[in-house]
Amino acid sequence: MLDFRIETFLKVCEYMNFTHAAEALCMTQPAVSQHIKYLEEKYEQPLFIRDRKKLLLTPAGEILKSTLETMRNDENTLKNRMKESMVGKKIITFGVTMTIGGYTVIPSLIDFIKSNPNMNIKIKYGNTRTLLSYLHEGSIDFAIVEGYFKSDNYDTRVFKTEEYIAVASKNHKFKKEIKEIKDLTDERLLIREIGSGTRDILIKNLAVKNMNVADFSRVIEIGNIHTIVDLLCQDCGISFLYKSAVEKEIKNGELEKIELEDFNVNHDFTFLWNRDSAFSNEYEKIFKVFKDSLEQI
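Residues numbered from 1 in each chain as written. Predicted model: local features only at pLDDT ≥ 70, side-chain atom pairs only at ≥ 80, totals over all residues. Heavy atoms only, no water.

1. Structural notes on the nonpolar core
Ranked by size, the top nonpolar core spans 41 residues in total, and within it Leu184, Phe240, Leu260, Phe271 and Phe290 carry the most contacts. Tallying contributions element by element places helix α11 (residues 280–295) first for this core, with five residues. If near-sequence neighbours (up to four positions away) are discounted, Phe240 is found in contact with Tyr164, Ile165, Ala166, Ile181, Leu184, Leu189, Thr198, Leu202, Phe216, Leu260 and Phe263. Listed in part, the 17 residues of the second largest apolar core include Ile6, Val12, Leu57 and Leu68. (Core = buried A, V, L, I, M, F, W, Y, C linked by side-chain atoms within 4.5 Å. Buried < 20%, exposed > 50% of the residue type's maximum accessible area, 1.4 Å probe, protein only. Helix = DSSP H or I, 4+ residues; strand = E, 2+ residues; numbered from the N terminus. Contact = heavy atoms within 4.5 Å.)

2. Some points on empty space enclosed by the protein
Across all of its chains, the model carries two cavities of 30 Å³ or more by this definition. A volume near 60 Å³ is recorded for the largest cavity. The wall of the largest cavity is formed by Asn73, Asp74, Thr77, Gly138, Ile140, Asp141, Trp273, Asn274, Ser277 and Tyr283. Within the residue set of the lining of the largest cavity, elements represented by two or more residues are α4 (59–87) and β11 (265–274). A breakdown of the residues in the lining of the largest cavity according to their chemical character gives three nonpolar, five polar and two charged. By volume, the second largest cavity is sized at about 40 Å³. Of all the elements in the fold, those that place two or more residues in the lining of the second largest cavity are β7 (188–192), α8 (197–208) and β9 (238–242). Taken together, the residues of the lining of the second largest cavity sort by class into eight nonpolar, two polar and two charged. (1 Å grid on protein atoms, 1.4 Å probe; cavity = no way out; pocket = protein on both sides within 12 Å on 5 of 7 lines; lining within 4 Å. Points joined across faces, edges and corners; volume = space filled by probe spheres on them. Nonpolar A, V, L, I, M, F, W, Y, C, P; charged D, E, K, R; others polar.)

3. Focus: the layout of surface pockets
Leftover empty space is mapped by rolling, across the atoms, a probe with the size of a water molecule. When its volume is computed, the largest pocket comes out at roughly 410 Å³. What lines the largest pocket is a set of 14 residues, and nearest its centre among them are Lys65, Glu69, His136, Lys150 and Asn153. Listed by contribution, the elements that provide at least two residues to the lining of the largest pocket are α4 and α7 (128–137). Of the residues that constitute the lining of the largest pocket, the class distribution is three nonpolar, six polar and five charged.

4. Considerations on the packing of aromatic side chains
Considering all chains together, one arrives at 17 aromatic pairs under this definition. With centroids separated by 6.2 Å and ring planes inclined at 50 degrees, the aromatic side chains of Tyr164 and Phe263 adopt a geometry described as tilted. Of this pair, Tyr164 sits in strand β6 (residues 154–169) while Phe263 sits in the loop between β10 (255–257) and β11; the two residues are 99 residues apart in sequence, bridging distant segments of the chain. Given the relative accessible area of 9%, Phe263 is considered buried. Ring centres of Phe240 and Phe263 lie 5.3 Å apart, and the angle between their planes is 65 degrees; this geometry places the pair in the edge-to-face category. (Phe/Tyr/Trp six-rings, centres within 6.5 Å; stacked < 30°, edge-to-face > 60°.)

5. Observations concerning the environment of Glu146
Inspection of the secondary structure puts Glu146 in the loop between β5 (142–145) and β6. On a C-alpha basis, the gap between Glu146 and Arg81 in space is 28 Å, while along the polypeptide they are 65 residues apart. Apart from residues no more than four positions distant in its own chain, Glu146 is found in contact with Thr97, Thr99, Ile100, Thr128, Gly197, Thr198, Ile201, Tyr242, His267, Asp268 and Phe269. Within polar-contact distance, the side chain of Glu146 engages the side chain of Thr97 at 2.6 Å. (Polar contact = N/O pair within 3.5 Å; in protein donor to acceptor, adjacent residues only side chain to side chain.)

Given below as structure tokens:
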């Protein structure tokens, strides 16, 4: 069990405010300060500094925070493993983004389920930001994401490299000749919600060309990849998606890739877990099973 003063430290890190942390913990502010002082004396390093009334972590505080979060998450996993031992069934909980969960991971998941008949599996769907928060709080063991993240906090493996394309209905009539991405700004753009990896890829590639989503004449924001694909098939706009999400529709002639001279993007889908986890070897083995299944397709 983690020391109660460590829980105090992590709560201060969450709020970056002693008063708010004290309120959340139902403690007094002096008690919170005393806990932090104890840890600073124990580790012989300052953990927080104040910069213009703003609370900041010191480099030592950053190291402690990262390490303790992993320890807390491992403790949650350990508790679950101990419960599982009483009923003779192991449980794996992991997260996937919408594109990966709806398309890419299915073959790997099928093989994994068949090779682990006595295992209970829980799968959580969400955008990249949501899944990273699940990892942070310890409610999932690992995740497969498509968006950008701070890699310092995780052990990572490349699950798959995907082509990211502009796409429209096969019957779509463009208002002008399309050669470059800027030629598409007169079109209605169908886009995922903020926090989605699919959206983040587009935003970063637009920024390179000094463009942004607001440059498109009309924008429809949708939190479901299947809805976007359905709307594309009904010629309700254009979109930017991973090819795997529309591969079937392209093959059967409902959709087509929009060929652009200045847009050639490939992006990694990443398998990740909390860095330095005590269960890293287990997650590494699961990754290899998932990866091997994907490569056999």
